[in-house]
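Here are the chains, one letter per residue:
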Amino acid sequence: MDAPGPPSTTTAASRSRILGLAPMVLFSVSAMITLDSVATVAASGWRGVGVFIALAVLYYAPYGFITAARGSAWPQEGGIYVWIREAYGDRAGGVTAWFYWINLAYWAPAVFVIFAGTVRSAFWPEMSRTWEELIVIGLLWLVVAIGILPLRLTTWVNNAS
């Protein structure tokens, strides 16, 4: 049995890149560094700058190299699902994809509830619970709408964040 590896039907020169270096760096940074983490590090003063430099050297650089290597070796859409499926089989790929999406199913609404509460606290103290719920539902549908569009049309969302 041959070891799983990258497909040989395409060459690196024939593939078009939807996500280049800059969008991948922005994607990684925006996924890991959020406003709450920036505020926490800022509270520590200039030492916080060292934390971000250490993150860049010890985490983001190696993570970027790993992602670039995997992405160029397995150019199909599917990311981590494809990588795990090719390395460990269909079941492991399916479990990985399921854990990824179940994590998102709990994380996204929690963030949107916090966002609605922040809007209420900062800008609209008399906001009703119904409006908070409508904000959360609206944001969820916005994420769904962005998620079903082709990646080439939605990379700007990540770059802006």
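Structure shown above.
Residues numbered from 1 in each chain as written. Predicted model: local features only at pLDDT ≥ 70, side-chain atom pairs only at ≥ 80, totals over all residues. Heavy atoms only, no water.

*Asks:* Sorry if this is basic, but what is going on with the overall build of the chain here?
*Replies:* Within the chain, the secondary structure is distributed over 7 helices and 0 strands. Along the chain, helices and strands appear, N-terminal first, in the series α-α-α-α-α-α-α. Every one of the 161 residues in the chain was classed for burial, and the buried ones make up 13%. Within the chain, contacts between residues at least 6 apart in sequence are counted, and of these 53% link residues at least 24 apart. Summed over its atoms, the accessible surface of the chain is roughly 12,100 Å², and 70% of this surface lies on carbon and sulfur atoms. (Helix = DSSP H or I, 4+ residues; strand = E, 2+ residues; numbered from the N terminus. Buried < 20%, exposed > 50% of the residue type's maximum accessible area, 1.4 Å probe, protein only. Contact = heavy atoms within 4.5 Å. Areas by Shrake-Rupley, 256 points an atom, 1.4 Å probe, with all protein chains shown as cover.)

*Asks:* Honestly, the packing of helix α4 (residues 80–88) against helix α5 (residues 90–122) in this entry has me stumped. Any pointers?
*Replies:* Any two packed helices are characterised by the angle at which their axes cross and by the distance between the axes. Two elements in contact, α4 and α5, have axes separated by 7 Å at closest approach and are oriented at 155°. With respect to each other, α4 and α5 are oriented roughly antiparallel. Of the two possible hands of crossing, α4 and α5 adopt the one that is right-handed. Two secondary-structure elements touch here, α4 through Ile80, Tyr81, Ile84, Arg85 and Tyr88 and α5 through Asp90, Ala92, Gly93, Gly94, Thr96 and Ala97. Residue composition of the contact of α4 with α5, grouped by class: 6 nonpolar, 3 polar and 2 charged. (Axes fitted to C-alpha atoms, helices over the stretch in contact; angles between N-to-C directions. Parallel < 35°, antiparallel > 145°, perpendicular 65-115°, else oblique. Left-handed = near helix turned anticlockwise from the far one by under 90°. Nonpolar A, V, L, I, M, F, W, Y, C, P; charged D, E, K, R; others polar.)

*Asks:* Help me understand the pattern of salt bridges in this model?
*Replies:* Where side chains of opposite charge bring their charged atoms close, a pairing between them can arise. Throughout the structure, instances matching the rule amount to 2 salt bridges. Put simply, Arg85 and Glu86 hold a salt bridge, and the shortest N to O gap is 2.9 Å. Taking relative accessible area as the criterion, Arg85 reaches 22% and is therefore assigned partly exposed. A residue is classified by how much of its surface remains accessible, and Glu86, at 21% relative accessible area, is partly exposed. Between Arg120 and Glu132 there is a salt bridge; the shortest N-O distance is 2.6 Å. Pair noted here: Arg120 is in helix α5 and Glu132 is in helix α6 (residues 129–148), with a separation of 12 residues, a long-range link. Residue classification places Glu132 among the buried residues on the basis of a relative accessible area of 11%. (Salt bridge = Lys/Arg side-chain N within 4 Å of Asp/Glu carboxyl O.)

By themselves these figures say nothing about function.
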